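These are the residues of each chain, in order.
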Amino acid sequence: MPHVPEDGRVIVGRVAFDPLTEGEVVDRVVAALRAGQGGHIITPNVDICRATRRDSEIAALVASADIVVADGMPLVWASKLLGTPVPGRVTGADLIWSLSAAAAREGAPVFLLGGPPGVAERAGAALAARAPGLIVAGTFAPPFGFESVAAEQVRIRSELLAADPRLVFVGLGFPRQDRLIVELREILPGAWFVGCGAAVAFAAGTMRRAPAWMRGAGLEWMHRLITEPIRLARRYLIDDLPFATGLLITSAIRRRH
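Described in the following lines is the structure provided in the data block. (Residues numbered from 1 in each chain as written. Predicted model: local features only at pLDDT ≥ 70, side-chain atom pairs only at ≥ 80, totals over all residues. Heavy atoms only, no water.)

Examining the nonpolar core
Short version of the rule: To qualify as a nonpolar core, a set must consist of buried Ala, Val, Leu, Ile, Met, Phe, Trp, Tyr and Cys residues joined through side-chain atoms within 4.5 Å. Using a 1.4 Å probe on the protein chains alone, a residue whose accessible area is under 20% of its type maximum counts as buried, one over 50% counts as exposed, and one in between counts as partly exposed. The helix and strand labels rest on DSSP assignments: H or I over at least four residues marks a helix, E over at least two residues marks a strand, and numbering proceeds from the N terminus. Residue contacts are counted whenever heavy atoms from the two residues lie within 4.5 Å of one another.
One finds Val 25, Ile 41 and Leu 99 to be the most contacted residues of the largest nonpolar core, which totals 38 residues. When contributions to this core are tallied by element, the ones reaching two or more residues are helix H1 (22-34), helix H5 (92-106), strand S5 (110-114), helix H6 (119-130), strand S7 (167-171), strand S8 (192-195) and helix H9 (199-204). The element that contributes the greatest number of residues to this core is H5, accounting for seven residues. If near-sequence neighbours (up to four positions away) are discounted, Val 25 is found in contact with Leu 20, Ile 41, Ile 67, Val 69, Val 90 and Leu 95. In this structure, Val 68, Ala 78, Val 86 and Leu 247 belong to the second largest nonpolar core, which totals 21 residues.

Structure, rendered in structure tokens:
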């Protein structure tokens, strides 16, 4: 029988996922915010799961998050093959909208961190347009290589402290964004941080997301590949596709045993 940890998480590969729907994630965050408690959400995809196999530091980073949900249909399929299904795919690109709507209802200020100059501002305007009453407390676009410049790290902390948000979307790519989140939680322990990758750019409209039918069929990666072939061809075709195939096969074998 597949092993289910005592905390109720579902293990796929070497990653322990929370079996939550998008709505349940939102409910959990809202309840924590009302209690004055912060947290960290990570949405691992196939590439992140593959990284946890080869890098113990990344595996520990993912495991340290308060909520871990599957952003990738192969992970959802693998959980079903294991006999311990997660309810479905939960992505940062979706959570940025649903959590912002909840933040508007709760009067919880949000902050957007990431993207090229101007993108976070556009994302904030789009989120506020869809969620009336949303308080966008601030936005910031760190320059490339900010993690190696002490002054830039100080500036990020200063921007966040001045804004004092309760919800922070960090779209800087994994694992950089989540390493930064671990540090930022020390100065804003009552805030929730969401490592959301390209979600800020999607919300801003500067990047187009795959059509709903492709997302539902597990083909969003193909849309991204067509959009950015030079950057993503090796990751998706040489690294992730064989890993996903192997994960599905081993999940089916483990279920039978």
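Here the narrative resumes.
Examining the environment of Ala 70
Residue placement: Ala 70 occurs in the loop between strand S4 (67-68) and helix H4 (73-82). Put simply, Ala 70 and Asn 45 are 25 residues apart on the chain and 6.3 Å apart in space, counted from C-alpha to C-alpha.

Comments concerning unusual backbone geometry
Most peptide bonds take the trans configuration, and most residues that are not glycine carry a negative phi. For the bond running from Phe 174 to Pro 175, omega is 5°, close enough to zero to count as cis. With respect to the element layout, Pro 175 can be found in the loop between S7 and helix H8 (176-184). Look at Asp 164: it is not a glycine, yet its phi comes out positive at around 50°. Topologically, Asp 164 is positioned in the loop between helix H7 (150-163) and S7.

Quick notes on H5
Worth spelling out the cut-off: The span expected for a helix works out to 1.5 Å for each residue beyond the first.
For H5, which comprises 15 residues, the first-to-last C-alpha distance of 20 Å matches the rise-based estimate of 21 Å (1.5 Å per residue) to within 8%. The complete set of buried residues in H5 reads Gly 92, Ala 93, Leu 95, Ile 96, Ser 98, Leu 99, Ser 100, Ala 102, Ala 103 and Ala 104. A positive backbone phi angle near 70° is found at Gly 107, which sits one or two residues after H5.

Considering the sheet that holds strand S3 (residues 39-42)
Formally: Two strands form a pair only when DSSP identifies at least two bridges running between them. Angles run from 0 to 180 degrees between N-to-C directions of axes, and those axes are lines fitted to C-alpha atoms, restricted for helices to the stretch in contact.
Ordered in space as S4-S3-S8-S7-S5-S6, the six strands form an open sheet in which the pairing is parallel. Two strands bound the open sheet, and with one partner strand each, they are S4 and strand S6 (136-140). Bridge count between S5 and S6: four bridges; the pairing is parallel. Across the sheet, the residue bridging to Leu 112 is Thr 139, located in S6. The sheet strands contacting H7 are S5, S6 and S7, and the helix crosses S6 at an angle near 170°. H8 contacts S3, S5, S7 and S8 of the sheet and is inclined by roughly 170° relative to S8.

Considerations on the pattern of salt bridges
We apply this condition: Take a side-chain nitrogen of Lys or Arg and a carboxyl oxygen of Asp or Glu: if they are within 4 Å of each other, that pair is a salt bridge.
On inspection of all chains with the given rule, the structure shows 18 salt bridges. Across the salt bridge formed by Asp 47 and Arg 235, the nearest N and O atoms sit 3.9 Å from each other. You can see Asp 47 sitting in helix H2 (residues 46-54) and its partner Arg 235 sitting in helix H12 (residues 229-256), a full 188 residues away along the chain. Shared partners join several salt bridges into a network, and the residues in it are Asp 47, Arg 50, Arg 235, Asp 239 and Asp 240.

Quick look at the packing of aromatic side chains
Worth spelling out the cut-off: Note on aromatic contacts: the rings of Phe and Tyr and the six-membered ring of Trp form a pair at centre separations within 6.5 Å, being stacked when their planes are under 30 degrees apart, edge-to-face when over 60 apart, and tilted otherwise.
According to the stated counting rule, one finds one aromatic pair in the structure shown. Note on Trp 221 and Tyr 236: the rings are 6.2 Å apart at their centroids and 80° apart in plane angle, and the pair reads as edge-to-face. Linking Trp 221 in helix H11 (residues 220-227) with Tyr 236 in helix H12, this pair joins segments that are 15 residues apart in sequence.

Looking at the environment of Val 29
In this structure, Val 29 sits in helix H1. Among the residues examined, Val 29 registers a relative accessible area of 1% and is labelled buried. In this structure the C-alpha to C-alpha distance between Val 29 and Ile 230, which are 201 residues apart in sequence, comes to 37 Å. Beyond its immediate chain neighbours, meaning those up to four positions away, Val 29 contacts Ile 41, Ile 67, Leu 99 and Trp 192.

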